[in-house]
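Listed here are the chains, written in short residue letters.
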Amino acid sequence: MGLFSKIKAVLSKTRDGLSKKLNELFAKDKIGDEFYDELEDILISADVSVQTTMEIVEEIKDTAIKEKCKDKEYVIDLLKKELFDSIDYAEKVEIKTPAVIMVVGVNGVGKTTTIGKLANKFNKEKKSVTIAAADTFRAAAADQLTVWAERAGVRIIKHAEGADASAVVFDAIDSCKAKKTDVLIIDTAGRLHVKANLMEELKKMDRVVKREYPEANFYKLIALDAMTGQNAYNQVETFNEAVGLDGIILTKLDGTAKGGFIISLSYELEIPVCYVGTGEKIDDIEDFNAEEFVEAMF
Amino acid sequence: MSPTQQVIKIVNEELIDLMGSANSKLGVSSNPPTVIMMSGLQGAGKTTLVGKLGMMLKKQGKKPLLVACDVYRPSAINQLKVVGEKAGCEVFERGQGNPVKIAKEGVSHAKSFGFDTVIIDTAGRLQIDEVLMKELEEIKAEVNPEEILLVVDSMTGQVAVEVADTFNKRLEVTGLVLTKLDGDTRGGATLSMKAVTGKPIKFCSVGEKLGDLEPFYPDRMANRILGMGDVLTLIEKAQDAVTEEQAKKMEKKFRENSFTLDDFLTQFETMSKMGGISSVLSMLPGMGSKIKIKEGDIDESKMLSMKAIIQSMTMRERENPQIINSSRKNRIALGSGTSVQEVNRVLKQFEQTKQMMKQMKNNRMFRF
């Protein structure tokens, strides 16, 4: 299965949900206020934020009125273009070696699983990979990560449960320097973004990496559960404030989570989505592609 | 009451009405052991909740057995074992076997070893995963659970409706549990889930420690959704943290204005028992949502040094702080590993508190 078709297959549920409603809507005759109201309803129920929805719909409405357009197919294209524009970034996140990737996020979004997948992906690209198990808080988190490291065939640096997370990072950097490892991936404990002391711990890890390994390219990626609602915005905003985010990994996209969520996020915060998680198997990770994503939604 | 307040009041009442009856308890089977089964998406917080429920039941004098049926996620069994150990509950596991069989064996193990409650941890699954949903149905048929709890992340968006609906249709869940409510989410999805399933919300999970489990109160949730604070929870936490005897003693001190540094210390300890200043503040009306209080904004480590300072004083000094002169201050600072400035600060805070109490005593609102 090609990359395109795989994403498309995965997104078919997203598509089924959103486009079924859209098709129903487009099947109606007139393009009037009712049409746009319903368009708003659809986007909001797909977890697009109210503000983004209003902006998108206004934009389309304006254009359609200006061009005296009555053709629904054309309005679909307008919508596609609008959605695409909001999530397409000129700058893509490219991982250049030597790289340090720190994955952050709230509890239960799938950080550890994503790291397993990323490790496997880089390993397949013939890059040497080390994982740092800096989630020293959650029960058995390091064990879970060890299983993933074995599956991906990469090295793992870990300490005992309850150890200082920054110490794990420090040791991992040491080891990576000595072995000239291409990619170091740091797993961090899930933390709710409102817990300032835990965010401080994260900042400390950030400082350790910058101080001990300045020659590496440092990427901080936030893992977001595709099923999250409007709270995703707060999450990205707070983590971004704390450590400065380079990209978003959207996990659990194999569920029925609606695509609208990403659109809204990128619309309001300028942080690109770089990977999507599409299942529980080790290969279930893809580069994010705005065009494919929007195409697959319809 | 202003028109705005009236509207809020009406909305508030409607919300409470929608979220239904308060304080649902866990059912107990007439034919022990009582089986409680978890269900939910990946990462909702099921395993942690199993530990929390186990600890809660233990506190109620029950003997729960935790059964590890998440055979898919790497190390989920280990996690349950660690959680179980912390909660002081035995964990039943059969490695990566067949979950339906493990559940069945777990229940018969409970029967033969005198456990009165069995909590079954299951793997997280998407509601559209036919194979795994079927597995849940099979477990249900095999062990006939008294309670099937659907565990839902309170940050979930619109998809919560579909998730709750599907799980409910497949399993006929008996109740919902909201997790991660210690974040800044308003938890509006609660409304939809309650409305679509008609099932009660039984518990709220509010932290990573095993004690962080609360019953669900619709009125408080409504306040949260509207951002109106949560005074009731605050009062309850206070009741948990302070014994009646302590309260009476404190009341007397208030009346006689004989509040000492020792009492000051006790107050701070009470505060930290209630989850720290930030947790207490966030429950006050108008504080929770308007002012973003983050843990640590109020430096809880300062409270530790305050404790050290007071404990470095002699009993006489604690009762008569006015005798603390500069040489005493030097000694206290040395003893507590702080500085004279910090000792001064604590003494000043104590004086302010005392002043405040005087005022409160004269204020009818705070009649004790």
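Residues numbered from 1 in each chain as written. Chains lettered and ligands numbered in written order. Predicted model: local features only at pLDDT ≥ 70, side-chain atom pairs only at ≥ 80, totals over all residues.

A. How the structure looks around unusual backbone geometry. Of the consecutive residues A:Thr97 and A:Pro98, the connecting peptide bond is found in the cis state with omega at -10 degrees. Within the secondary structure, A:Pro98 is located in the loop between α4 (72-87) and β1 (99-104). For the bond running from B:Pro32 to B:Pro33, omega is 5 degrees, close enough to zero to count as cis. By the secondary structure assignment, B:Pro33 is in the loop between α1 (3-19) and β1 (34-40). Here the phi dihedral of A:Ala140 falls at roughly 65 degrees; this positive angle occurs in a residue that is not glycine. Mapped onto the fold, A:Ala140 is located in the loop between β2 (129-134) and α6 (141-152). By the C-beta count within 10 Å, which is 21 here, A:Ala140 ends up buried. (Helix = DSSP H or I, 4+ residues; strand = E, 2+ residues; numbered from the N terminus. Buried ≥ 20, exposed ≤ 12 C-beta atoms within 10 Å, placed from the backbone.)

B. Just the sheet that holds β1(B), in detail. All names here are of chain B. What the eight strands build is an open sheet, ordered β3-β2-β4-β1-β5-β6-β7-β8; its pairing is mixed. Edge strands, defined here as strands with exactly one partner in the open sheet, are β3 (90-92) and β8 (213-215). Strand-to-strand, the axes of this sheet are offset by a mean angle of 25 degrees, without reference to chain direction. Note that strand β5 (residues 147-153) and strand β6 (residues 175-179) share five bridges and pair parallel. Bridge pairing in β6 places Asp153 opposite Thr179. The sheet contacts of helix α4 (residues 99-113) involve β1, β2 (64-69), β3 and β4 (117-122), and relative to β2 the element is tilted by about 165 degrees. (Pairing = 2+ DSSP bridges. Axes fitted to C-alpha atoms, helices over the stretch in contact; angles between N-to-C directions. Contact = placed C-beta atoms within 7 Å.)

C. Main features of the interface of chain A and chain B. In this complex, chain A contributes 36 residues to the contact, which on the side of chain B involves 30 residues. Among the elements of the structure, α6, α8 (196-212) and α9 (231-243) of chain A are those that each provide at least two residues to the side of chain A that touches chain B. It is α6(A) that contributes the most residues to the side of chain A that touches chain B, four residues altogether. Taken together, the residues of the side of chain A that touches chain B break down into 13 nonpolar, 14 polar and nine charged. (Nonpolar A, V, L, I, M, F, W, Y, C, P; charged D, E, K, R; others polar.)

D. Region of the structure containing helix α15 (residues 326-336) of chain B. All names here are of chain B. For α15, the full list of buried residues reads Lys329, Ile332 and Ser336. Take α15 and look down its axis: the buried residues cluster within an arc of 65 degrees, on one side only. Looking one or two residues beyond α15, the residue adopting positive phi is Gly337, at roughly 70 degrees. (Arc of directions from axis to C-beta.)

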